[in-house]
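Coordinate inspection notes
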Amino acid sequence: MTLPPEILQAIFEELDEPSLYSSVLVNRDWCQSAISILWANPLEFAYNNQNQVYYDKIASILSTYISLLPNESRQKLIEAYIARPADFLNINLMFNYSQFLQKLNYILLQDSVEKVLDTRHNGNENDRIIEELLKMFLNQDSHLRSLDFSYQKLSGIIISHLDKRIIDFPLEICLGNLPSIITTLSRLLKFSCKGTTPSRFLSSLAAITLELQSLNIYDGEDSHGIINLINAQNNLKEIDIHICRDIPRIISVLSNKSKTFQKFSLSARNACISIGLPSLSDCLEILCNSSDLEELTLIFPRGALAQAQWLIRRHAAQMRLRLQQQQARTLQFLNQTIRAHRQNFPHHHHQRSLTHHRRNRTMSLTPQGQIQNPVLITNQRPISFRSIQHQGNNRQTNTFVTQPPRQILFTNSGPTKLQKLMITYHLSHYIQSFVSLIQINNGTLEIIKLDITNSLDPHIHPTLFSTIVNNCPNLTFIHLYIPNESLIELSQLFRKCLKLQDIHLFGDQNNSIDISPFLEEMSTIVPIGLRKLEFGISWNYSVDAIRSFLGSCMIRLKFKPCKFYHGDLSDEIDNLFQFYQLIGVIQPERRFC
């Protein structure tokens, strides 16, 4: 009995590479199903190898692709003396392997051409070969679903094989040079790009590709092309943005596409203030309409936030100086008007003005620091940081004072299927927003990483911890700051979150505290699936407390050894750790910060 091709395909997708090669030899149906998977992303298969065997695989893959070039492309390469007729294999291949390609990484394609053909061609000739290969991959019969112009999603093994020049300076291409690709690109589901991706390519792609489900942008410089690409999409599900210029504008565009979001990630790591930083309120507001959101990642590093605060203070100082200069010019104009009026009518105001002038005689400074003559109007009103404009009967006020952050509370709307919540934001103004977000996702969250410290409100962090303990029974990973007031609830975390596998809890590094009583209480309820445990380096514990805890781990843990991260230890505790390491209970690793 022969299985349908769909079932064979589903089975083979779960097999590893050696098993797929073995399946090729069974029969033609198995061969076709296995080959379609092996050639769906062959270059990534070949590069993901720790030894040098990958080079032979790359050469074989590239040779096969070149032999499949259409006659028109072959003729162009031969006429340009880039290829010889002997370079094209004169054999009958069983399949058109280029049609099986589903994921094309341009960085790997360029690197493979440079590696295999660099001994025979220069850079310009290699570019011509890449262009002809792209024409073949982007034809109307292709199954291409993913196009990647970046290397961030590649494994460390693959990146170690890449030529550094390829990463920094990819070849510029334009869709206008590649005919007959509209059908293929209109079926794209995933697209990734980096800052050096040609802007013309993004603009052309926005006019063709309308059904992208996944969009990854790294170090984007062409915000106009990126915005056009986002605006053109109808069904975006996964958004991953890293350090793009004009992020606030991109955020505003994404708000119109948020109903279909399932994964949303925004990272401003290592960002400069010149690229602009969005408000976290704006990012959270997007989620109000994202009822199907499953993963949320927002990373705002400490340095970028400090730069943003500095920019706000500088802007306020500039506006203060500008208002002072404007007020000084206004006073100068009024005084000149009064003096001119007195010269024209001296007999009306001479005596009263003289008395008033003597009473309020003073000196004023111009914005340039020059001393003016004594004037009548000298009592300046306190400078306001607001500029008031009158437009008809409407009064509009523009304030330059830094306003408190706008809180987004998720009560009646927002994501209710959230499984992953990762926030790095070193200001605690939005903790109440996170509390409400966790509450409406009662029971669905599995991963929580909240890197938020130094709360101005001493009660908000305990509220956050209590909310997590009482609303996240399926939690497997937690990374959280624990205030001293919440240490008494540590046992509740172990008691209610029975599926915990990775625990990273830390306290105030400037305030050391002994957690021995809490550690002994947790000993009897250690989660059986625990694989990694890290306590803050500012937390101390006694020998008896840690012996009780590790003894319970030896009995209860299903997976051993458990990684145990710690700070400075006494010699006695260190010896205890070495003992439990020898018997395979823990694998201790020291943390220095």
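The protein chain carries the name F-box domain-containing protein in an unreviewed UniProt entry, which gives Gigaspora rosea as its organism.

A word on the packing of aromatic side chains
In this structure the tally under the stated criterion is 14 aromatic pairs. Both rings, one in Tyr65 and one in Phe137, keep their centres 4.9 Å apart while their planes meet at 80 degrees; by these two values the pair is edge-to-face. Within this pair, whereas Tyr65 is found in helix α5 (residues 53-67), its partner Phe137 is found in helix α8 (residues 123-137), the two being separated by 72 residues in sequence. Considered together, Tyr65 and Phe137 belong to a single accessibility category, that of buried residues.

Regarding the packing of helix α1 (residues 5-12) against helix α3 (residues 28-38)
Working note: a packed helix pair is described by the angle between its axes plus the distance between those axes. Put simply, α1 and α3 touch, their axes get as near as 9 Å, and they point 50 degrees apart. When the interaxial angle is binned, α1 and α3 end up oblique. Considering only the axes of α1 and α3, their crossing is right-handed. Side by side, α1 and α3 meet where Pro5, Leu8, Gln9 and Phe12 of the first sit next to Asp29, Trp30, Ser33, Ala34, Ser36 and Ile37 of the second.

A few points about the nonpolar core
Ranked by size, the top nonpolar core spans 143 residues in total, and within it Leu133, Phe191 and Phe264 carry the most contacts. Counting the residues that make up this core, at least three belong to each of domain 1 (1-39) and domain 2 (41-185).

Things to note about the environment of Tyr565
If you trace the backbone, Tyr565 turns up in strand β17 (residues 562-566). On the basis of relative accessible area, Tyr565 is assigned to the buried category, the value being 6%. The sequence separation of Tyr565 and Arg590 amounts to 25 residues, and the corresponding C-alpha distance is 5.5 Å. Not counting residues within four places of it along the chain, the set of residues in contact with Tyr565 comprises Lys532, Leu533, Glu534, Phe535, Glu589 and Arg591.

Parameters at a glance
- Residues numbered from 1 in each chain as written.
- Predicted model: local features only at pLDDT ≥ 70, side-chain atom pairs only at ≥ 80, totals over all residues.
- Heavy atoms only, no water.
- Phe/Tyr/Trp six-rings, centres within 6.5 Å; stacked < 30°, edge-to-face > 60°.
- Helix = DSSP H or I, 4+ residues; strand = E, 2+ residues; numbered from the N terminus.
- Buried < 20%, exposed > 50% of the residue type's maximum accessible area, 1.4 Å probe, protein only.
- Axes fitted to C-alpha atoms, helices over the stretch in contact; angles between N-to-C directions.
- Parallel < 35°, antiparallel > 145°, perpendicular 65-115°, else oblique.
- Left-handed = near helix turned anticlockwise from the far one by under 90°.
- Contact = heavy atoms within 4.5 Å.
- Core = buried A, V, L, I, M, F, W, Y, C linked by side-chain atoms within 4.5 Å.
- Domains from an automatic or database assignment.

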